[in-house]
Amino acid sequence: MLIAIIALLSAYGGMRNMKKRTTIRIISFLSAAVVVAGVFAWTGGKKARSLELYARANTQRAFEELVTSVSEMSTALEKSVYITDPALEGALCTQIFGRALTAQSALGVLPYSSQELEQTASFVAKVGDYACTLSRTVGVNGGYSEEELENLKSLSETASVMALNLQDVQARIQAGELTMEEVYTAASAAAGDEEEQAPLAGTAFQTIEEEFPELPSLIYDGPFSEALTTAEPVLLADMEQIDEAAAQKAAASFMDVETAAVSVTGETGGIVPCWVCSANLNNGSYSIYVTKQGGQIYSALCSRAAGEEKYSVDVGLSMARSLLDSWGFENMEESYHIVENGVLLVNYEYAQDGVLCYPDLIKVGVALDNGTLVRYDAQGYISAHAERVLPDVAVTREEAQENLAVALAVTDYNLTVIPSDGGEERLCHEFVCQTETGGTLYIICERRHRGGGEDSDPAGG
């Protein structure tokens, strides 16, 4: 009995010792956790402040670069108005282009949305592209034309206003009246910095955008040409407007289904306004865009993802051609095809008298799991298609081929009409070539008029 009592007391004492040791361990662990949490908090705060400092420096550097490049671009534009030597004009245009590229790069770093800097970015891009175009043509043409000189004057005036506005923002930032905090406010908050900041520079940019001068209209062979951005679709000229019911019938006929299977669900604006039709077919949902003028199918897209491929590319090409023929298109030649995610996408160009007209492009996508249409795009065809008056070929195929590198092996040839960046059309020789490493190059050779003579210029693609 005594022995049992002693054993119980010993066990009780051991339990008390175990509880004591456990308590000590818990306290030790909690203390360590507090220390670790403190270390992480300190480290996180340090990283946040490092991020803030980096963001400040990066943003400030980008803004300083923007101000400098726009100011230099403005100065170069002003000089360009008064220089009369074609060689110097070309060099100055190259300088303007370089400053515009630097400004575009800086704009991409600044922590503002596209809306806040939309007109600024658009103007810089327009100036850069226009200057790049002039740098290639001014020497050939013997100087600026009267229209080009007027364009440069307008661009110079706008650039001068823009440079002064940016310099004003820069001065206000340096004086502490504005701050460029938008990209690192999160870092400041993480570091516990809640002190009041000066007004954000983004507000000043919004003011500049609202008061931005009207951009001059440029007519030139480039992507910002007024003629390109306002061009009406050639195919739809003189066609009548259609209503929703006619659009529904056109979409149903295109999909080869009953009219009731298609419904009009909306409309779009822009240069080519369309009725938007919808249909659930082939286990997928189709969106079909029908032009309000002329009732032409502008595009169609199926939401269904293609499954495992069951048809070969050759069979898919035959299916795509059958669809194109069923829609009534004639003289369309395949120029290219590719398979992506189980879909065969085929490019077709209109062929006039054996000449491939690349602007008249139609894309047809066929799913290789069941052979159904999943994509259709006739934007190029609708925008450009017409019977052209083709010029005489100024350079023979043999003369054009002499411009090719000896190391290239010609595997195919076409006479083509291609669009320039500004939408102008050019008759060219197209050579499909194989390189020494087995790659494929498309080489375009065109005849350009230069003052009183002509020359043949190859361009690779």
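Residues numbered from 1 in each chain as written. Predicted model: local features only at pLDDT ≥ 70, side-chain atom pairs only at ≥ 80, totals over all residues. Heavy atoms only, no water.

Asks: Which parts of the structure should I look at to understand the overall build of the chain?
Replies: When you go through the chain residue by residue, the secondary structure sums to 11 helices and 12 strands. Across the 461 residues that make up the chain, the buried fraction comes to 39%. Relative to all contacts within the chain whose residues are 6 or more apart in sequence, the contacts with residues 24 or more apart total 57%. A total accessible area of about 25500 Å² is found for the chain, and carbon and sulfur atoms account for 53% of it. (Helix = DSSP H or I, 4+ residues; strand = E, 2+ residues; numbered from the N terminus. Buried < 20%, exposed > 50% of the residue type's maximum accessible area, 1.4 Å probe, protein only. Contact = heavy atoms within 4.5 Å. Areas by Shrake-Rupley, 256 points an atom, 1.4 Å probe, with all protein chains shown as cover.)

Asks: Looking at this structure, I do not really get helix α8 (residues 244-255). What am I missing?
Replies: It helps to recall that an α-helix has 3.6 residues per turn; residues three or four apart then point in one direction. Compared with an ideal rise of 1.5 Å per residue, which puts 12 residues at 16 Å, α8 spans 17 Å between its outermost C-alpha atoms and is within 8% of the ideal. Regarding α8, the residues found buried are Ala-247, Ala-250, Ala-251, Ala-252, Phe-254 and Met-255. Among the structural elements, β2 (274-281), β3 (284-291), β4 (297-302) and β8 (373-377) are those in contact with the buried residues of α8. The N-cap of α8, judged by a side-chain oxygen 3.3 Å from the amide nitrogen of Ala-245 a few residues on, is Asp-243. (Expected span 1.5 Å × (residues − 1). Polar contact = N/O pair within 3.5 Å; in protein donor to acceptor, adjacent residues only side chain to side chain.)

Asks: Just checking my understanding: could you explain the packing of helix α3 (residues 118-141) against helix α4 (residues 146-174) for this structure?
Replies: Taken N-terminus to C-terminus, the directions of α3 and α4 make an angle of 145°; their axes are 11 Å apart at the nearest point. Handedness of the crossing formed by α3 with α4: left-handed. Mapping the contact onto sequence places Thr-120, Phe-123, Val-124, Val-127, Tyr-130 and Leu-134 in α3 and Glu-148, Asn-151, Leu-152, Leu-155, Thr-158, Ala-159 and Met-162 in α4. Residue classes in the contact of α3 with α4 are distributed as nine nonpolar, three polar and one charged. (Axes fitted to C-alpha atoms, helices over the stretch in contact; angles between N-to-C directions. Left-handed = near helix turned anticlockwise from the far one by under 90°. Nonpolar A, V, L, I, M, F, W, Y, C, P; charged D, E, K, R; others polar.)

Asks: Help me out: how do you make sense of the environment of Leu-408 in this one?
Replies: Position of Leu-408 relative to the elements: it lies in the loop between α11 (397-401) and β9 (409-419). C-alpha separation for the pair Leu-408 and Val-432, spaced 24 residues apart in sequence, amounts to 9.4 Å. The contacts of Leu-408, once residues within four sequence positions are left out, are Cys-433, Gln-434, Thr-435, Leu-441 and Ile-443.

Asks: Looking at this model, I keep getting lost on the pairing of β4. Mind explaining?
Replies: The element β4 is largely enclosed, with a buried count of five among its six residues. Of the pairings in the sheet, the one linking β3 to β4 comprises five bridges and is antiparallel in character. Bridge pairing in β4 links Ile-288 to Ala-300. Counting the residues in the hairpin turn of β3 and β4 gives five residues, including Gly-294, whose phi is positive at 90°. (Pairing = 2+ DSSP bridges.)

Asks: Teacher, can you tell me more about unusual backbone geometry here?
Replies: Trans peptide bonds make up most of the peptide bonds, and negative phi angles are found at most residues other than glycine. Phi is positive for Asn-331, which is not a glycine, with a value near 60°. Relative to the elements of secondary structure, Asn-331 occurs in the loop between α9 (313-326) and β5 (332-340). Phi at Asn-341 takes a positive value of approximately 50°, unusual for a residue other than glycine. Its place among the elements puts Asn-341 in the loop between β5 and β6 (343-352).

Asks: Looking at this structure, how should I read the nonpolar core?
Replies: Most often, soluble globular proteins have nonpolar side chains that are buried together. Counting 58 residues, the largest nonpolar core has Ile-288, Val-290, Ile-362, Val-364 and Tyr-376 as its most contacted members. Apart from the residues within four sequence positions on either side, Ile-362 is in contact with Leu-324, Phe-329, Met-332, Val-346, Asn-347, Tyr-348, Tyr-376, Asp-377, Ala-378 and Tyr-381. In this structure, Cys-93, Val-124, Leu-134 and Val-138 belong to the second largest nonpolar core, which totals 36 residues. (Core = buried A, V, L, I, M, F, W, Y, C linked by side-chain atoms within 4.5 Å.)

Asks: Would you take a moment to explain the packing of aromatic side chains for this structure?
Replies: Each aromatic ring pair is characterised by the separation of its centres together with the angle its planes make. Following the criterion strictly, the structure yields five aromatic pairs and no others. Relative to Trp-327, the ring of Phe-254 lies with its centre 4.4 Å away and its plane at 15°, an arrangement referred to as stacked. Linking Phe-254 in helix α8 with Trp-327 in the loop between α9 and β5, this pair joins segments that are 73 residues apart in sequence. For Phe-254, a relative accessible area of 8% gives the class buried. We classify Trp-327 as buried; its relative accessible area is 18%. (Phe/Tyr/Trp six-rings, centres within 6.5 Å; stacked < 30°, edge-to-face > 60°.)

Asks: What exactly am I supposed to notice about the pairing of β5 here?
Replies: On a regular strand, each side chain points to the face opposite its neighbour's, so the side chains alternate between the two faces of the sheet. In the sheet, β5 pairs with β6 via eight bridges, with the strands oriented antiparallel. Across the sheet, the residue bridging to Glu-333 is Glu-349, located in β6. Following β5, the chain reverses through two residues before pairing antiparallel with β6; Asn-341 in that reversal takes a positive phi of roughly 50°.

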